[in-house]
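Fold and contact review
So you can see what is in the structure, the chains are spelled out below.
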Amino acid sequence: MEDFWCEVESIKESSEDGPEEATLLEFKPADEGELEAEWLQDVGLSTLISGAEEEDGQALLSTLTRTQAAAVQKRYNTYTQTLRKKNKHTVRDVRDIFGISDSSPTFETVPVSPVPSNGIQLPGQKPVWKSVSSNSCLDCGLDKGSSSITEELSYEVSFSESITVLPKTREWTKSQRFRKEDSALPKFIVRKSRFGLTEVGDLSPEDMKKIRYLSLIELTAFYDALGVELKRNRAERVRRRENGLFGVPLTVLLENDQKKVPGIKVPLIFQKLLLKLEETGLETEGILRVPGSASRVKNLHQELETKFYEDTFDWDQVRNNDAAGLLKMFIRELPSPLFTVEYLPAFITLVEKIPKIKLQLQALHLLIMLLPEANRDTAKVSLKNKMNLWNVSMIVAPNLFIYKGKRANQQEMQAAATTAHIVRLLIRYQDILWTVPSFLISQVRKMNEAAINNSKRQLMFDKGVRKLLRRKTMERERPERPESDIPEGVIRVYAPLHSKVSMAIQLNSQTKAKDILARFHCENSRGLSQNVRSQIQSLHEVGGNIGQHCLDPDAYILDVYHANPQAEWVIKPKAS
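Residues numbered from 1 in each chain as written. Predicted model: local features only at pLDDT ≥ 70, side-chain atom pairs only at ≥ 80, totals over all residues. Heavy atoms only, no water.

Comments concerning the overall build of the protein
Counting its secondary structure elements, the protein contains 24 helices and 10 strands. Looking at the protein as a whole, 49% of its 576 residues are labelled buried. Summing over all exposed atoms, the protein offers an accessible surface of approximately 29400 Å²; the carbon and sulfur share of this is 49%. (Helix = DSSP H or I, 4+ residues; strand = E, 2+ residues; numbered from the N terminus. Buried < 20%, exposed > 50% of the residue type's maximum accessible area, 1.4 Å probe, protein only. Areas by Shrake-Rupley, 256 points an atom, 1.4 Å probe, with all protein chains shown as cover.)

What follows is the structure, encoded as structure tokens:
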């Protein structure tokens, strides 16, 4: 634990002469009802509080599994009971929300039978698994040759529905010990189904917002199923800097940076510090452990604040340990922690209360899905280092879990090994943790379909539309041509950056996304510009029951087509 405490002391020394801490503008304890109201808002169900019949809320409720619906019902019950005690106003009965009658105490939920990855359960269809090969699964864990047992993770069914036996938490808390050897962590694989795998950047922002709603509901249901309390802090309001580099919210930094580099997802200063660290010795022993000169780091910090955006800062003067110190300072000085104030307790709880690493990993996976986009993207690029996992975890953990504006208390300091273990899981299993579970994508598809159907029903009830349709029907002298003359099993793929901008593709059960890409490349290889050739082209599923979805090269397109027959198919560069 020496590395941890040395880093804590280094943080204290650097903060003594540092900038003033963020000023707390508002903080008051919340009662249970207020916490549940905030939870309902955070999962996209503010309609249950306002009483409005919002389509998005109805669509979300219609997709929930048994355990997820039970989690929502439990929180809503607590909220309504608290309101009744306060006699604020009449609240909706939970039976009205879930369609419960007096004679039937259960409510309808989505079946929990396995669904294909990223798709919708088709009648009589069973998931089809590929044989094990170099690209048929996401391999995350130990180096080749390790004696550790390989365990397979499933994304097909929600994590909370998969819990059948509660772990013996009492025995765990008595005997909890962390082994610092890298080999102590098991090896996990996520085998690709016929829909491939989806990374967080492969979905549209609108669909990722729904992933966040569902992830919080699923995380809550997961903790409920384990008999663990999902602890949560109330969000704090603080006075924040709106300009500069250090101590500025990630969203503000990105707004400023996107004026220079449109579409950028990680702040430029953070990227530059990481690049400098890689150039000057990412694999150097002690690069994170041995701090740079405190006075040098302070001077470089001040110089960066004034010269970075003017492109006049001399990066040649920055040594490897200086870059490491500045990088840790940037993370530490964020006005709210990278893993958010609200869910820091949930990160701690997943290690202290959940015994099995597989279950810890599932909880951590949902927490990563919960993070705001800027936090999630910045955290992902920061998890790079070739040092021993336990050593680097001991050094990085204090900077992630002891943040600006908050002094660590004794209890938090005692959680040193816990926070280091979390960082070690993040580093080791990052490829798994930044992949979107397919059962969540399936629920997003169903949400979108429910919203579309609700809109259609609303449209048909509009009197003006009905009159227009009646008149058009009477005027029609002959049947209209069908909307599409493309036969079943044939898709038209568009490639606006290629010389041949579209092509009809006959699908069969073995057609993969990479096969379609290869065909376009072959047809257009001579006409491609150098700029297009240098970009990574991907096949995208657009519209229908998904916003936009960058497909895995190994995805079987006929399966995706059956799951979303109204989609359009576009080849374009993958967002980096």
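The structure having been displayed, the exposition proceeds.
Brief notes about the nonpolar core
Formed by 105 residues in total, the largest nonpolar core has its most connected members in Ile 211, Phe 222, Tyr 223, Leu 304, Leu 350, Ile 354 and Leu 426. If sequence neighbours within four positions are ignored, Leu 304 has contacts with Leu 245, Phe 246, Ile 269, Phe 313, Trp 315 and Leu 326. Counting residues in each nonpolar core, the second largest holds 21 residues, with Met 503, Leu 551, Ile 557 and Ala 563 among its members. (Core = buried A, V, L, I, M, F, W, Y, C linked by side-chain atoms within 4.5 Å. Contact = heavy atoms within 4.5 Å.)

Concerning the packing of helix 10 (residues 268-279) against helix 12 (residues 320-333)
The contact between helix 10 and helix 12 brings their axes to 9 Å, and the two run at 150°. Classed by the angle they form, the pair helix 10 and helix 12 counts as roughly antiparallel. The two elements helix 10 and helix 12 cross, and the hand of that crossing is left-handed. Of helix 12, the residues touching helix 10 (which contributes Ile 269, Phe 270, Leu 273, Leu 274, Lys 276 and Leu 277) are Asn 320, Ala 323, Ala 324, Leu 326, Leu 327, Phe 330 and Ile 331. Partitioning the contact of helix 10 with helix 12 into residue classes produces 11 nonpolar, one polar and one charged. (Axes fitted to C-alpha atoms, helices over the stretch in contact; angles between N-to-C directions. Parallel < 35°, antiparallel > 145°, perpendicular 65-115°, else oblique. Left-handed = near helix turned anticlockwise from the far one by under 90°. Nonpolar A, V, L, I, M, F, W, Y, C, P; charged D, E, K, R; others polar.)

Some details on the pairing of strand 6 (residues 490-494)
Every other side chain in a regular strand lies on the same face of the sheet, so the side chains alternate between the two faces. With five bridges connecting them, strand 6 and strand 7 (residues 502-506) associate as antiparallel partners. Each bridged residue has a counterpart across the sheet, and for Tyr 494 the counterpart in strand 7 is Ser 502. Sheet topology note: the strand 6/strand 10 (residues 568-573) ladder contains two bridges and is parallel. By the bridge assignment, Tyr 494 is partnered in strand 10 with Val 570. (Pairing = 2+ DSSP bridges.)

Quick look at the pattern of salt bridges
What the rule picks out here adds up to 18 salt bridges. Between Lys 74 and Asp 224 there is a salt bridge, with the nearest N and O atoms lying 3.9 Å from each other. Of this pair, Lys 74 sits in helix 5 (residues 66-86) while Asp 224 sits in helix 8 (residues 205-226); the two residues are 150 residues apart in sequence, bridging distant segments of the chain. Here Arg 191 ties to Glu 152 by a salt bridge, and the two come within 2.5 Å at their closest N and O atoms. Here Glu 152 lies in strand 3 (residues 150-153) and Arg 191 lies in strand 4 (residues 187-191), a separation of 39 residues in the sequence. With relative accessibility at 15%, the residue Arg 191 sits in the buried group. Relative accessible area serves as the criterion here: at 34%, Glu 152 is assigned to the partly exposed category. Each of Lys 192, Lys 512, Lys 514, Asp 552 and Asp 554 takes part in one network of salt bridges that share partners. (Salt bridge = Lys/Arg side-chain N within 4 Å of Asp/Glu carboxyl O.)

Details of the side chain of Thr 67
With respect to the helices, strands and loops of the structure, Thr 67 is situated in helix 5. If sequence neighbours within four positions are ignored, Thr 67 has contacts with Ser 158, Ser 160, Glu 161 and Ala 221.

Quick notes on the sheet that holds strand 10
Reading across the sheet, the five strands line up as 7-6-10-8-9 and stay open at both edges, with mixed pairing between neighbours. With one partner strand each, in any of the chains shown, strand 7 and strand 9 (546-550) form the two edges of the open sheet. Here the average twist between neighbouring strands, direction ignored, is 25°. Here four bridges tie strand 8 (residues 537-543) to strand 9, and the two strands are oriented antiparallel to one another. Residue pairing for strand 9: Val 542 is matched across the bridge by Gln 548.

A look at the side chain of Arg 75
When you line up the elements, Arg 75 lands in helix 5. Those residues within four positions of Arg 75 in sequence are excluded, and the remaining contacts are Glu 36, Trp 39, Thr 220 and Asp 224.

Looking at unusual backbone geometry
Even without glycine at this site, Asp 311 takes up a positive phi of about 60°. Tracing the sequence through the fold places Asp 311 in the loop between helix 11 (294-307) and helix 12. Look at Thr 340: it is not a glycine, yet its phi comes out positive at around 70°. Of note, Thr 340 is situated in the loop between helix 12 and helix 13 (344-352).

What about the environment of Leu 48?
Of note, Leu 48 is situated in helix 3 (residues 47-50). Each C-alpha atom, one on Leu 48 and one on Gln 58, is 9.8 Å from the other, the two residues being 10 residues apart in sequence.

Quick word on the packing of aromatic side chains
Going through the model one piece at a time under the given rule, you end up with 11 aromatic pairs. Pairing Phe 159 with Phe 439 gives two aromatic rings, centres 5.2 Å apart and planes at 75°, and the pair type is edge-to-face. With Phe 159 in the loop between strand 3 and helix 7 (169-175) and Phe 439 in helix 20 (residues 438-460), this pair connects stretches of sequence that are 280 residues apart. Like Phe 159, the residue Phe 439 is buried in the burial classification. Look at Phe 308 and Trp 315: their rings are 6.4 Å apart centre to centre, the planes differ by 85°, and that puts the pair in the edge-to-face class. This pair shows no difference in class: Phe 308 is buried, exactly as Trp 315 is. Ring-pair connections join several aromatic residues into one group, and the members of that group are Phe 159, Phe 222, Tyr 223 and Phe 439. We note Arg 75 situated over the ring of Trp 39; from NZ or CZ to the ring centre the distance is 6.0 Å. In this structure, Arg 194 packs its charged tip against the face of Tyr 556, placed 3.8 Å from the ring centre. (Phe/Tyr/Trp six-rings, centres within 6.5 Å; stacked < 30°, edge-to-face > 60°. Lys NZ or Arg CZ within 6 Å of the ring centre and 35° of its normal.)

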